[in-house]
Amino acid sequence: MSKRAFNFCAGPAALPEAVLQRAQAELLDWHGKGLSVMEMSHRSDEYTAIAEKAEQDLRDLLAIPSNYKVLFLQGGASQQFAEIPLNLLPEDGVADYIDTGIWSRKAIEEARRFGNVNVAASAKSLDYFAIPGQNDWQLSERAAYLHYASNETIGGLQFDWVPELGDTPLVVDMSSDILSRTIDVSKFGLIYAGAQKNIGPSGLVVVIVREDLLGHARSACPTMLDYKIAADNGSMYNTPATFSWYLSGLVFEWLKEQGGVEAMEQRNRAKKDMLYGAIDASDFYTNPIAVNARSWMNVPFRLADERLDKAFLAGADARGLLNLKGHRSVGGMRASIYNAVGLDAVEALVAYMAEFEKERG
Ligand SMILES: Cc1ncc(COP(=O)(O)O)c(C=O)c1O
């Protein structure tokens, strides 16, 4: 086996080595057909089987009820920021949004281009270190939907609860925590996730949408952004991102082999406990997020003296601990510990952190 680094990148992020090896083995000659998946017609029987299996495996992993469509679309999660209001927000309607960080704010700014947005709550007054409880939300009377990001990838702020809003559809950006722990899909109207963290390669976005929310797109909605058209065409109104879809399918198979989302949840709990435990046990490293809102997937942390940041990162690189630099808007460090980042990676990181603190702290 090749020597692979421990990759803590926020996205595009680490993929399971077994998946990459399988893709490599199948690259030139997929299942004896004499061609690569990249070279197949998306209408061929072979590719149809690949696409359908990927969808079924995702349905199994998340126990997606039959009244939900699963779409494999392009444009990343960011395109959904526009696609959601174009499909779900009537021109004279209002949509509620919760601001917990950079990604939810981007969703808010984009939705404002299309209609009335009510920011029902913002974590700003809490310095984005905690999530305002639902009792403090200023909800609209008749919101078309409520949008929030279950995990803010940059700030490291994650909901550990699901809002309870009666009939108002919940629309959630799960880009950075889908498949990391169990969820009840039936609580949501629409779930979307850019693939490049816990699913597969970038460019693809997975949308899981309740059927009654289809067919309400505005007349000005571009054909390519209409969920109903995507659903009616099996996500193949045009040529889909065939290789990304295939590779995501391999990740879903891998997840099933690992014991599914329940097993991932256990593993992810152990990983985040180890990393936050190390941060909390030291006076040298800090994470400012309220304990119940700490992200399981993206762990930002600071060194006591930021002049040591460069040396910390250089030492990490030398040990094959890659991509630990925090987002430029936040500074410090960030370790993204998605499904494909094993406990061994977190152990190596924690050992290095202790060593660095001893030498330089
Ligand atoms: C929570 C969240 N939402 C949306 C996005 C945007 O995703 P994309 O680059 O696929 O548009 C990201 C990307 O990192 C993200 O972390």
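Residues numbered from 1 in each chain as written. Predicted model: local features only at pLDDT ≥ 70, side-chain atom pairs only at ≥ 80, totals over all residues. Heavy atoms only, no water.

Lining the immediate surroundings of the ligand are Gly76, Ala77, Ser78, Phe81, Trp103, Asn151, Thr153, Asp173, Ser175, Gln196 and Lys197. Taking Ala77, its main chain carries an N or O atom lying 3.0 Å from an oxygen atom of the ligand. Here Asp173 contributes a side-chain N or O atom positioned 2.6 Å from a nitrogen atom of the ligand. Alone, the ligand offers 390 Å² of accessible surface; in the complex the protein occludes 85% of this. With 4 residues, the single largest contributor to the shell around the ligand is helix 3 (residues 76–88). Tallied by class, the residues present in the shell around the ligand amount to 3 nonpolar, 6 polar and 2 charged. (Near = heavy atom within 4 Å. Polar contact = N/O pair within 3.5 Å; in protein donor to acceptor, adjacent residues only side chain to side chain. Areas by Shrake-Rupley, 256 points an atom, 1.4 Å probe, with all protein chains shown as cover. Helix = DSSP H or I, 4+ residues; strand = E, 2+ residues; numbered from the N terminus. Nonpolar A, V, L, I, M, F, W, Y, C, P; charged D, E, K, R; others polar.)

What follows deals with the UniProt feature "domain: Aminotransferase class V" (unreviewed entry) in the protein chain. As recorded in UniProt, the feature "domain: Aminotransferase class V" (unreviewed entry) lies at residues 6–349. Summarising residues 6–349: 33% helix, 18% strand, and an end-to-end C-alpha distance of 9 Å. (UniProt positions renumbered as here; feature names shortened; annotations may be inferred.)

This paragraph deals with the packing of aromatic side chains. Evaluation of the coordinates by the stated rule reveals 16 aromatic pairs. Centre to centre, the rings of Tyr285 and Phe312 are 6.1 Å apart; their planes meet at 65°, and the pair counts as edge-to-face. Highlighted residues: Tyr285 in strand 11 (residues 285–286) and Phe312 in helix 8 (residues 309–318), separated in sequence by 27 residues. Assigned by exposure class, Tyr285 and Phe312 land together as buried. Taking the centre distance of 5.0 Å and the plane angle of 45° together, the rings of Phe312 and Tyr352 count as tilted. With a gap of 40 residues between them, Phe312 in helix 8 and Tyr352 in helix 9 (residues 343–360) connect regions that are remote in the sequence. Pair check on accessibility: Phe312 and Tyr352 agree, each one buried. Each member of the aromatic cluster is reached from another via a ring pair, and the members are Phe284, Tyr285, Phe301, Phe312, Tyr352 and Phe356. One Lys or Arg, Arg181, reaches over the ring of Trp296 and ends 4.6 Å from the middle of that ring. (Phe/Tyr/Trp six-rings, centres within 6.5 Å; stacked < 30°, edge-to-face > 60°. Buried < 20%, exposed > 50% of the residue type's maximum accessible area, 1.4 Å probe, protein only. Lys NZ or Arg CZ within 6 Å of the ring centre and 35° of its normal.)

We now examine the sheet that holds strand 3 (residues 94–99). With mixed pairing, 7 strands are arranged side by side in an open sheet as 2-10-9-8-5-3-4. If you trace the sheet from one side to the other, it starts and ends with strand 2 (68–74) and strand 4 (116–122), each paired once. For this sheet, the mean angle separating the axes of adjacent strands, direction not counted, is 20°. The sheet contact formed by strand 3 and strand 4 spans 6 bridges and is parallel. Considered in strand 4, the bridge of Asp99 is made with Ser122. Strands in contact with helix 4 (residues 102–112) are strand 3, strand 4, strand 5 (143–149) and strand 8 (170–173); relative to strand 3, the strand with the most contacts, it is inclined by about 160°. (Pairing = 2+ DSSP bridges. Axes fitted to C-alpha atoms, helices over the stretch in contact; angles between N-to-C directions. Contact = heavy atoms within 4.5 Å.)

Let us look at the environment of Ala311. Summarising the element assignment, Ala311 is placed in helix 8. When its relative accessible area of 26% is taken as the criterion, Ala311 is described as partly exposed. In this structure, the C-alpha to C-alpha distance between Ala311 and Arg360, residues 49 residues apart in sequence, is 9.4 Å. Once residues lying within four places of it in the same chain are set aside, the contact partners of Ala311 are Tyr352, Phe356 and Arg360.

The UniProt feature table records "binding site: pyridoxal 5'-phosphate" (unreviewed entry) at Ala77, Ser78, Trp103, Thr153, Asp173, Gln196, Asn238 and Thr239. Spanning 163 residues, the named residues are also spread out in space, since their farthest C-alpha pair is 30.4 Å apart. Inspection of the secondary structure puts Trp103 in helix 4. Once you skip the residues sitting within four places of it in the chain, Trp103 turns out to touch Ser78, Phe81, Glu152, Thr153, Ile154 and Asp173.

Turning to the packing of helix 8 against helix 9, a few remarks are in order. Describing two packed helices takes the angle between their axes plus the distance from one axis to the other. Remark: helix 8 packs on helix 9, axes separated minimally by 11 Å, with the N-to-C direction vectors making an angle of 135°. The pairing of helix 8 with helix 9 is recorded here as oblique in orientation. For the element pair helix 8 and helix 9, the recorded crossing hand is right-handed. The segment helix 8 lies against helix 9, with Ala311, Phe312, Gly315 and Ala316 engaging Tyr352, Met353, Phe356 and Arg360. Class assignment for the residues of the contact of helix 8 with helix 9 results in 6 nonpolar, 1 polar and 1 charged. (Parallel < 35°, antiparallel > 145°, perpendicular 65-115°, else oblique. Left-handed = near helix turned anticlockwise from the far one by under 90°.)

Within the fold, Asn268 resides in helix 7 (residues 260–280). Look at Asn268 and you get buried, because its relative accessible area is 1%. Here Asn339 takes part through its side chain, which lies 2.9 Å from a polar atom of the side chain of Asn268. Setting aside anything within four residues of it in sequence, one finds Asn268 in contact with Ser180, Trp296, Met297, Ile337 and Asn339.

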